[in-house]
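# Coordinates in review
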Amino acid sequence: GAVVSQHPSWVICKSGTSVKIECRSLDFQATTMFWYRQFPKQSLMLMATSNEGSKATYEQGVEKDKFLINHASLTLSTLTVTSAHPEDSSFYICSATPLRGLFYYGYTFGSGTRLTVV
Amino acid sequence: SQELEQSPQSLIVQEGKNLTINCTSSKTLYGLYWYKQKYGEGLIFLMMLQKGGEEKSHEKITAKLDEKKQQSSLHITASQPSHAGIYLCGADRDNQGGKLIFGQGTELSVKP
């Protein structure tokens, strides 16, 4: 159980276009999902917390207008990179956690999306 | 500054050798997670530690959280090429099961 599916696995887009990345919890409901970014040879950096039915919470330094997050249902969060530029090229990965009573069971990560902006 | 410091940053060991990766926090850890990642792929959950002094094992991997809950170690016994990858420690930023922050990772290579 606790599987998170992320789509697409990789995408190449032209500079100035927008790209949408989906993160789905397949067998559990996730009121909260998290979006991370990873540059080559670096660790994961938390970008934002996606909250079902409300606005996302962004980490300091992350442009909310560039990285639009929508969490429209309990099993789906989307990250849209708007007006993408080459510097947005990175590995994006989401995570979600099924809630077990009062305790979070641990975090499950999607397989990530490799975005290349040309 | 980095809240979680991992050491070493990279490690090359001969197959069959034991190794240890450390993760040190500047703050008290409420939950400490170990993940393995192949570069450019998703994270594989290894273990979660919550209590001071806790130790967990899975196959040849053992993780410990010290009593003061500010340091964790991951120990691999008799390493194999399949153990190669990037090991990441992650911690709950708060005590509400919220955001995970990560150490910078340790890249492990195992020579056959």
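Below is a short write-up of the structure. (Residues numbered from 1 in each chain as written. Chains lettered and ligands numbered in written order. Predicted model: local features only at pLDDT ≥ 70, side-chain atom pairs only at ≥ 80, totals over all residues. Heavy atoms only, no water.)

### What to know about the packing of aromatic side chains
- This structure, assessed with the given rule, holds 8 aromatic pairs over all chains.
- With a centroid separation of 5.1 Å and 80° between ring planes, the pair formed by Phe109(A) and Tyr35(B) is classed as edge-to-face. Residue Phe109(A) is located in strand 12 (residues 108-109), and its partner Tyr35(B) is located in strand 4 (residues 32-37); the two belong to separate chains. Comparing Phe109(A) with Tyr35(B), the two get one shared label, buried.
- Ring centres of Tyr33(B) and Tyr35(B) lie 6.5 Å apart, and the angle between their planes is 20°; this geometry places the pair in the stacked category. When sorted by exposure, Tyr33(B) lands in the same class as Tyr35(B), which is buried.
- Linked through ring pairs, Tyr36(A), Phe109(A), Tyr33(B), Tyr35(B), Phe45(B) and Phe102(B) together constitute an aromatic cluster. (Phe/Tyr/Trp six-rings, centres within 6.5 Å; stacked < 30°, edge-to-face > 60°. Helix = DSSP H or I, 4+ residues; strand = E, 2+ residues; numbered from the N terminus. Buried < 20%, exposed > 50% of the residue type's maximum accessible area, 1.4 Å probe, protein only.)

### Brief notes about unusual backbone geometry
- With an omega of 0°, the peptide bond between His7(A) and Pro8(A) qualifies as cis.
- Locating Pro8(A) in the fold gives a position in the loop between strand 1 (4-7) and strand 2 (10-13).
- The residue after Ser7(B), namely Pro8(B), is reached through a cis peptide bond having omega -5°.
- Inspection of the secondary structure puts Pro8(B) in the loop between strand 1 (4-7) and strand 2 (10-14).
- A positive phi angle, close to 45°, is found at Ser83(A), a residue other than glycine.
- Along the chain, Ser83(A) turns up in the loop between strand 8 (76-81) and strand 9 (90-96).

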